[in-house]
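Residues per chain, in single letters:
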There are 2 protein chains.
Amino acid sequence: MYMNGRLSSSSDLAVELWRMETLLRLLEGLNDESGSTQDEHGSYMNNNMSVPKVGIGMDASVTPLRHAGLCLVQTTDFFYPLVDDPYMQGKIACANVLSDLYAMGVIECDNMLMLVTVSSKLTDKERDVVMPLMLRGFKDAAMEAGTVVTGGQTIINPWITIGGVASAICQAPEIILPEHAVPGDVLVLTKPLGTQVAVNAHQWLDIPERWNRIKLVVSEEDVRKAYNRAMDSMARLNKNAARLMHKYNAHGATDITGFGLLGHAQNLAKNQKAEVSFVIHNLPVIAKMTAVAKACGNMFQLLQGLSAETSGGLLICLPREQAAAYCKDIEKQEGYQAWIIGIVEKGNRTARIIDKPRVIEVPSKEREGELW
Amino acid sequence: MYMNGRLSSSSDLAVELWRMETLLRLLEGLNDESGSTQDEHGSYMNNNMSVPKVGIGMDASVTPLRHAGLCLVQTTDFFYPLVDDPYMQGKIACANVLSDLYAMGVIECDNMLMLVTVSSKLTDKERDVVMPLMLRGFKDAAMEAGTVVTGGQTIINPWITIGGVASAICQAPEIILPEHAVPGDVLVLTKPLGTQVAVNAHQWLDIPERWNRIKLVVSEEDVRKAYNRAMDSMARLNKNAARLMHKYNAHGATDITGFGLLGHAQNLAKNQKAEVSFVIHNLPVIAKMTAVAKACGNMFQLLQGLSAETSGGLLICLPREQAAAYCKDIEKQEGYQAWIIGIVEKGNRTARIIDKPRVIEVPSKEREGELW
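Rules used in this analysis
- Residues numbered from 1 in each chain as written.
- Chains lettered and ligands numbered in written order.
- Predicted model: local features only at pLDDT ≥ 70, side-chain atom pairs only at ≥ 80, totals over all residues.
- Heavy atoms only, no water.
- Helix = DSSP H or I, 4+ residues; strand = E, 2+ residues; numbered from the N terminus.
- Buried < 20%, exposed > 50% of the residue type's maximum accessible area, 1.4 Å probe, protein only.
- Contact = heavy atoms within 4.5 Å.
- Areas by Shrake-Rupley, 256 points an atom, 1.4 Å probe, with all protein chains shown as cover.
- Pairing = 2+ DSSP bridges.
- Axes fitted to C-alpha atoms, helices over the stretch in contact; angles between N-to-C directions.
- Least-squares fit on C-alpha atoms with pLDDT ≥ 70 in both.
- Phe/Tyr/Trp six-rings, centres within 6.5 Å; stacked < 30°, edge-to-face > 60°.
- Salt bridge = Lys/Arg side-chain N within 4 Å of Asp/Glu carboxyl O.
- Buried area = accessible area lost by both parts, 1.4 Å probe.
- Polar contact = N/O pair within 3.5 Å; in protein donor to acceptor, adjacent residues only side chain to side chain.
- Nonpolar A, V, L, I, M, F, W, Y, C, P; charged D, E, K, R; others polar.
- Left-handed = near helix turned anticlockwise from the far one by under 90°.
- UniProt positions renumbered as here; feature names shortened; annotations may be inferred.
- pLDDT = per-residue confidence, 0-100.

The name given to chain A in an unreviewed UniProt entry is Selenide, water dikinase, and the organism recorded there is Allacma fusca.

Caption draft 1: Seen up close, the overall build of chain A. The secondary structure content of chain A amounts to 10 helices and 13 strands. Taking all 372 residues of chain A together, the buried fraction comes to 62%. For chain A, long-range pairs separated by at least 24 residues make up 82% of all intrachain contacts whose partners lie at least 6 apart in sequence. Of the accessible surface of chain A, which amounts to about 14400 Å², a share of 51% is contributed by carbon and sulfur atoms.

Caption draft 2: Structural view of the sheet that holds strand β11 (residues 314–318) of chain A. Residue and element names in this part refer to chain A. Within the open sheet, the six strands sit side by side as β9-β11-β8-β12-β10-β13. Their pairing is mixed. Two strands close off the open sheet at either side, each with one partner strand: β9 (252–255) and β13 (351–362). Between one strand axis and the next, the sheet turns by 20° as a mean value, whatever way the strands run. In the sheet, strand β10 (residues 276–286) pairs with strand β12 (residues 339–346) via five bridges, with the strands oriented antiparallel. Residue Ile280 lies in a different strand from β12, and its bridge partner there is Gly342.

Caption draft 3: Spotlight on the relation of the copies chain A and chain B. Superposition record for chain A on chain B: RMSD 0.0 Å, screw rotation 180°, translation along axis 0.0 Å. In short, the pair behaves as if placed about a two-fold rotation axis. Considering only C-alpha atoms, the residue of chain A closest to the rotation axis is Pro158(A), which sits at 3.4 Å.

Caption draft 4: Structural context of the packing of aromatic side chains. All names here are of chain B. Inspection of every chain in the model, using the stated rule, returns six aromatic pairs over all chains. Centroid distance Trp204 to Phe300: 6.0 Å. Interplanar angle 40°. Geometry classified as tilted. Taken together, the positions of Trp204 in helix α4 (residues 195–204) and Phe300 in the loop between α9 (289–295) and β11 (314–318) put the pair 96 residues apart, joining distant regions of the chain. Here the two residues Trp204 and Phe300 agree in accessibility, since each one is buried.

Caption draft 5: A look at the pattern of salt bridges. For the structure on display, the rule yields 19 salt bridges over all chains. For Lys288(A), the salt bridge is made with Asp222(A), and the minimal N-O distance between the two is 4.0 Å. Highlighted residues: Lys288(A) in the loop between β10 and α9 (289–295) and Asp222(A) in helix α6 (residues 220–235), separated in sequence by 66 residues. The closest approach of N and O atoms between Glu275(A) and Lys346(A), which form a salt bridge, is 3.9 Å. With Glu275(A) in the loop between α8 (260–270) and β10 and Lys346(A) in strand β12, this residue pair connects regions lying 71 residues apart in the sequence. Judged by its relative accessible area of 62%, Lys346(A) falls in the exposed class. Each member of the salt-bridge network shares a partner with another, and the members are Arg66(A), Asp110(B) and Glu174(B).

Caption draft 6: Examining the interface of chain A and chain B more closely. Taken together, the 61 residues of chain A in the interface contact 61 residues of chain B. Between chain A and chain B the total buried area reaches about 5800 Å² when both faces are included, carbon and sulfur atoms providing 66% of it. Between chain A and chain B we count four salt bridges in total. Two residues, Arg66(B) and Glu174(A), come together in a salt bridge whose shortest N-O distance is 3.0 Å. On inspection of chain A and its partner chain B, the count reaches 21 residue pairs in polar contact (both at pLDDT 80 or more). Mapped by element, the contributors of at least two residues to the side of chain A that touches chain B are α1 (10–32), β3 (61–64), β4 (70–79), β5 (111–119), α3 (124–144), β6 (149–157) and β7 (161–171) of chain A. Take the side of chain A that touches chain B: its biggest share by element is nine residues, from β6(A). Counted by class, the side of chain A that touches chain B contains 30 nonpolar, 19 polar and 12 charged residues.

Caption draft 7: Structural context of helix α7 (residues 239–247) of chain A. Three or more residues of α7(A) are buried, namely Lys239(A), Asn240(A), Ala241(A), Ala242(A), Leu244(A) and Met245(A). Downstream of α7(A) by a residue or two, Asn249(A) has a phi angle that is positive, lying close to 55°.

Caption draft 8: Looking closely at the packing of helix α7 (residues 239–247) of chain B against helix α10 (residues 320–334) of chain B. Residue and element names in this part refer to chain B. The geometry of α7 relative to α10 is characterised by a closest axis approach of 10 Å and an angle of 145° between their N-to-C directions. The crossing of α7 and α10 is right-handed. Between α7 and α10, the contacting residues are Asn240, Ala241, Leu244, Met245 and Lys247 on the first element and Tyr326, Asp329, Ile330, Gln333 and Glu334 on the second. Among the residues forming the contact of α7 with α10, the class breakdown is five nonpolar, two polar and three charged.

Caption draft 9: Focus on the pairing of strand β10 (residues 276–286) of chain B. All names here are of chain B. Counting buried residues along β10, 10 of its 11 residues qualify, which places the element largely inside the surrounding structure. Bridge count between β10 and strand β13 (residues 351–362): eight bridges; the pairing is parallel. Residue Ile280 lies in a different strand from β13, and its bridge partner there is Ile353.

Caption draft 10: Inspection of the UniProt feature "domain: PurM-like C-terminal" (unreviewed entry) in chain A at higher detail. Mapped onto this numbering, the UniProt entry annotates "domain: PurM-like C-terminal" (unreviewed entry) at residues 183–353 of chain A. Here residues 183–353 of chain A is 44% helix and 20% strand, with 17 Å between the C-alpha atoms at its ends.

Caption draft 11: Looking closely at the sheet that holds strand β4 (residues 70–79) of chain B. All names here are of chain B. Spatially, five strands are ordered β3-β4-β7-β5-β6 in an open sheet, and the strand pairing comes out mixed. Looking at which strands have only one partner, the edges of the open sheet turn out to be β3 (61–64) and β6 (149–157). Direction aside, the axes of adjacent strands within the sheet are offset by 15° on average. Judged from the eight bridges that link them, strand β5 (residues 111–119) and β6 form a sheet pairing that is parallel. Within β6, the residue paired with Met114 across the bridge is Gly152. Against the sheet, helix α3 (residues 124–144) touches β5, β6 and β7 (161–171), its axis set at about 165° to β5.

Caption draft 12: Spatial organisation of the environment of Tyr87(A). Residue and element names in this part refer to chain A. Locating Tyr87 in the fold gives a position in helix α2 (residues 86–103). Residues Tyr87 and Phe138, spaced 51 residues apart in sequence, show a C-alpha to C-alpha distance of 7.6 Å. With near-sequence residues (within four places) excluded, Tyr87 lies in contact with Leu133, Met134, Arg136, Gly137 and Asp140.

Caption draft 13: A look at the confidence of the model for chain A. Residue and element names in this part refer to chain A. Looking at chain A as a whole, its pLDDT mean stands at 86, while 83% of the residues score no less than 70. Low pLDDT (under 50) marks residues 31–50, which in the prediction has 31 contacts with non-local residues, meaning those over four places away or in another chain. Predicted complex, confidence summary: ipTM 0.76, pTM 0.83.

Caption draft 14: Expanded view of the environment of Met58(B). Residue and element names in this part refer to chain B. Turning to its location among the elements, Met58 is positioned in the loop between β2 (49–51) and β3. Each C-alpha atom, one on Met58 and one on Leu133, is 31 Å from the other, the two residues being 75 residues apart in sequence. Excluding residues within four positions of it along the chain, Met58 makes contact with Pro178, Ala253, Thr254, Asn267, Leu268 and Asn271.

Below is the structure:
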């Protein structure tokens, strides 16, 4: 799920909150009545094998299949473009959909569908340039993930939307259910926070009254670099992060998107079997975006962990003795850092950020080839 | 795929045509480069078993899986509401998505996802009444189909859209590939045509300048009855029609939606292995809708087979000696007629409607409980 980066007025927020509450309720209603035989932990017995079943609430649904021992792991997401490079937007949309599978430890996606609406407000020329680039970006990211786009649907709409569906047919051991955290685990985050702040700040370069609000704390170049870092980060697949979850015996994960770090941490904590709570000490944030967020008052709530992210990192519960090796391995394979950001302790399935968390400034970047 | 029932201006049509052409091209491009080893008929060898692979172009994609002998059959569709009863709209959207699986002979859907956009123009009260009804309709149709909704995505959008994703994990014999028609087969259609005409005529009851155009050929009551028949027809599942395809050895099928009867017949003909062509003699149409279509000049092109349908019937190629029994069986099980509408002859993979097709007027209906 995703909270529109351009969301700002309180009426939009009211709509957005309605959406979350009502729709979650409606979807949970659907879930309750699905009529399956579930035990207290939601697992489902099938052909004498324990095949997991996960309904609405976590990142992807897991549906036991008629064929012995197999499950369908599936997710969908679509949203409005938030970067001005259509090719990168396509990649981001694809990475964002796949991320829900990766959060469940599923690394092989069997196919994807693409969901696109084409804006009726584009001129013919805009459309013929923008849409193929966006689809190409989506397709390239799918290929990078080792999967293929086998279909989709496209309609005309006032606004452009892009998203998709990712499906994996798995045996149970391929899935890491997000429910096995134990006291003593640590929390690892695989991408920096601040994508929403960076995307908004970048838009404000063209809106003087907004720009005036932040220009004392950040330069134009800082913003461009942060925006490029955000785009790269959002377009990056969480696939290696998921693969390494198996290698280092992760106890469960979620991906950070519309509800922000704390929102998703709380959701993950609530889903644990053991009586645990999550305490977050460190916040890795794209360079300068903490200053921008602070200059905007309560708008983003970045340090409260509530700023929406798009295609954010995995938040992973790892055994304490494995976490450093996990972070080292991912940095070696990807060239990007991951961070130990908190701990799992005994508690009542909640998550919080400590009073004065340490902010880790994550270097932003020049965009390759963008020197002119 | 679906053509908006309210589509009328030529600029909308231009956009729509662009959509079809460009997106088909883009999607076909994606398909070509999927990198799979395919033989000339698109089938795919896996674990020494012939597992079908169907890409973009027919109703659902078929993706061979890593697990021996299994395929993922999957489809997605979403569109704008076209009836004013939100519950029925939800059912129609669900039936429409499932129909793509049924067209491939697949009768067991493993799960569905729901894709919804909530209009930002609805008042709080409208939203809280309309959206739950729509979701309920979708869910009830899924339950009727023996499947469950396991997830979905909802965003705010200027316009409401509703649709979903249907997935089935099958063994090859569960699928009837739409490619085995032979000369001598006959064509059966399982729902009447004219849903777009009926939906439009019903809207025109409130638009005097439109209503004046058709009031000489149709009464208000005729229109209401036709509209109710259209709603019922669109909300009806093609599941029994698909099940009986197996019983009567169907040689392939497609479902009739946005491209109209002839458009989909041409698409199906093009996909055949044998050198065949389809000739359509009979057009079953919801009562009075032929007269309405004629009164509107070239607007609908109903008798040319080009009027868009939503959640239309299956068009099935059946051995000649089985077709009558198929039609009898479906009428017995469903209480609705199916019709033999044409023949398969030797030809170059095209489809046509004869010069003066016989129009079969299909009785419309009162809506139950709508006497006040």
